[in-house]
Amino acid sequence: MTTELDFHLDDFEPADAVSELAESSLWAGDLTVLAEHRTTSNGSRSYLVAHDGSVTWGVPGEPQLVAIKITRDPHERTFTFEAASHAGLAFAQNWLVERGCPPEQIAQVGADLIQPADDLTVRVEQQIRASGDRYKVLATQTSDYAPCETWTMVRDSCAAQVPIRVFLEEVATDSLTYTVREGAFADEDAAQDWLDNRDGPLPEPPEYRGDCAARTRAALTSSTSPAAIPNAGIGTSTAPSVNTAQRPNPRRSM
């Protein structure tokens, strides 16, 4: 599954200036495919998540994943190209699902990547992939060095209480596994204070507790693919922007 990226655009021309800029901003030699799906026999649409190895040499903390949608017109020989940066793999997959990619297809990630350490990680990532426009990304951060972790801060439009959520990914380099946990905060300042100081455990969302938690986890379990899905790195940025080249985390492809 993990291969050098090929946009399959030979003999195609960009349909507009936005697509031309988006495609030219990515260099295939820096990108490694993590997940990919192409539709129809002539491959008119491609959806993929790739890791950009060049980001580790850029501004510290930047997102290291790019989600890409390519639509080809085989008659006009033109293409449209959309791309967006994401810190976590599940957020990149969600972006593609919202643009028409079958969830079960883009969830299939190479077995040679690091794997989820536990069932809760799998459930949390499935929750993100299936969240639609529920989460508004506020900030992200990626660290490839100790501690090797990624976080994404979001506003949860479905949360009646503590609407600011932090999705924290921590990598265990010795076992080549990772965990993803969700924390809940009253506001952005409280979330950032916890991220800066780590003066206690990540506050658990209230819906995780009691009978509600059992129902939520049962629903997530029933909708979760049995395949283990690796996660992606994060970088310091605001909400992911369309047509912006994204940088994936190198540890995902190792």
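Sorry if this is basic, but what is going on with unusual backbone geometry here?
In most cases, non-glycine residues show a negative phi, while peptide bonds are predominantly trans. With a phi close to 30°, Val-162 is a non-glycine residue in the positive phi region. Positive phi outside glycine occurs at Arg-198, with the angle close to 45°. Within the secondary structure, Arg-198 sits in the loop between helix 5 (188-197) and helix 6 (210-223). Looking at Arg-198, the relative accessible area reads 31%, which means it is partly exposed.

Looking at this structure, how should I read helix 4 (residues 119-129)?
Since one α-helical turn is 3.6 residues long, residues separated by three or four positions face the same way. Judged by how many residues are buried, helix 4 sits mostly within the fold: 10 of 11 residues are covered. Looking at helix 4, one finds that the buried residues are Leu-120, Thr-121, Val-122, Arg-123, Val-124, Glu-125, Gln-126, Gln-127, Ile-128 and Arg-129.

Where do I start with the packing of aromatic side chains in this structure?
Aromatic ring pairs are defined here through the distance separating the ring centres and the angle between the ring planes. Applying the stated criterion across every chain yields a total of six aromatic pairs. Look at Phe-91 and Phe-167: their rings are 5.8 Å apart centre to centre, the planes differ by 70°, and that puts the pair in the edge-to-face class. Within this pair, whereas Phe-91 is found in helix 2 (residues 89-97), its partner Phe-167 is found in strand 9 (residues 164-172), the two being separated by 76 residues in sequence. Each member of the pair, Phe-91 as well as Phe-167, is classed as buried.

Sorry, what's going on with the sheet that holds strand 3 (residues 45-52) here?
Sheet strands associate in pairs through backbone hydrogen bonding, adopting either a parallel or an antiparallel arrangement. Reading across from one edge, 1-5-4-3-2 is the order of the five strands in this open sheet, with mixed pairing throughout. The open sheet has two edge strands with one neighbour each: strand 1 (13-14) and strand 2 (31-39). With seven bridges joining them, strand 3 and strand 4 (residues 65-73) adopt antiparallel strand pairing. Within strand 4, the residue paired with Tyr-47 across the bridge is Lys-69. Each of strand 1 and strand 5 (78-86) is contacted by helix 1 (residues 17-24), which is oriented at about 55° to strand 5, the strand it contacts most. Its contacts with the sheet put helix 2 on strand 3, strand 4 and strand 5, and the angle it makes with strand 4 is roughly 20°.

Sorry, what's going on with the sheet that holds strand 9 here?
With respect to topology, five strands assemble into an open sheet ordered 6-10-9-8-7, the strand pairing being mixed. Edge positions in the sheet fall to strand 6 (115-116) and strand 7 (135-143), since each has one partner strand and no second. Strand direction decides the pairing type here: strand 8 (residues 149-156) and strand 9, joined by seven bridges, are antiparallel. For Val-154, the partnering residue across the bridge sits in strand 9 and is Arg-165. Running at roughly 60° to strand 10 (residues 177-185), helix 4 makes contact with strand 6, strand 7, strand 9 and strand 10 of the sheet.

How do you make sense of the pattern of salt bridges when you look at a structure like this?
Side-chain pairs of opposite charge can arise whenever the charged atoms involved come near each other. As enumerated under the stated definition, the model contains seven salt bridges in all. Between Asp-156 and Arg-134 there is a salt bridge; the shortest N-O distance is 2.7 Å. One end of the pair, Asp-156, is in strand 8; the other, Arg-134, is in the loop between helix 4 and strand 7, and 22 residues separate them in sequence. With its nearest N and O atoms 2.9 Å apart, the salt bridge here joins Arg-165 to Glu-182. Within this pair, whereas Arg-165 is found in strand 9, its partner Glu-182 is found in strand 10, the two being separated by 17 residues in sequence.

Looking at this structure, how should I read the environment of Ala-35?
Tracing the chain through its elements places Ala-35 in strand 2. Between the C-alpha atoms of Ala-35 and Val-109, which are 74 residues apart in sequence, the distance is 5.0 Å.

Which parts of the structure should I look at to understand the packing of helix 2 against helix 4?
In contact at an axis separation of 8 Å, helix 2 and helix 4 are set at 30° when each is read in the N-to-C sense. Crossing of helix 2 against helix 4: the hand is right-handed. On helix 4, the residues touching Ala-90, Phe-91, Gln-93, Asn-94 and Val-97 of helix 2 are Glu-125, Ile-128 and Arg-129. Across the contact of helix 2 with helix 4, the residue classes tally to four nonpolar, two polar and two charged.

Quick question: what am I supposed to make of the pairing of strand 2 here?
Within a regular strand, side chains alternate between the sheet's two faces. Of all nine residues in strand 2, seven are buried; the element is thus mostly enclosed. Direction of pairing for strand 2 relative to strand 3: antiparallel, over a ladder of eight bridges. Across the sheet, the residue bridging to His-37 is Tyr-47, located in strand 3.

What is the right way to look at the confidence of the model for the protein chain in this model?
As a general rule, the predicted coordinates of low-pLDDT regions are not to be interpreted in detail. Per-residue confidence for the protein chain averages 82 on the pLDDT scale, and 80% of its residues sit at or above 70. Mean pLDDT in the protein chain bottoms out at helix 6, which sits at 48, and peaks at helix 5, which reaches 97. Note on residues 211-215: pLDDT is under 50 here. Beyond four places in sequence and across chains, it has three contacts. When the criterion is pLDDT under 50, residues 221-254 qualifies, and its contacts beyond four places in sequence or with other chains add up to 168 contacts.

What counts and how
Residues numbered from 1 in each chain as written. Predicted model: local features only at pLDDT ≥ 70, side-chain atom pairs only at ≥ 80, totals over all residues. Heavy atoms only, no water. Helix = DSSP H or I, 4+ residues; strand = E, 2+ residues; numbered from the N terminus. Buried < 20%, exposed > 50% of the residue type's maximum accessible area, 1.4 Å probe, protein only. Phe/Tyr/Trp six-rings, centres within 6.5 Å; stacked < 30°, edge-to-face > 60°. Pairing = 2+ DSSP bridges. Contact = heavy atoms within 4.5 Å. Axes fitted to C-alpha atoms, helices over the stretch in contact; angles between N-to-C directions. Salt bridge = Lys/Arg side-chain N within 4 Å of Asp/Glu carboxyl O. Left-handed = near helix turned anticlockwise from the far one by under 90°. Nonpolar A, V, L, I, M, F, W, Y, C, P; charged D, E, K, R; others polar. pLDDT = per-residue confidence, 0-100.

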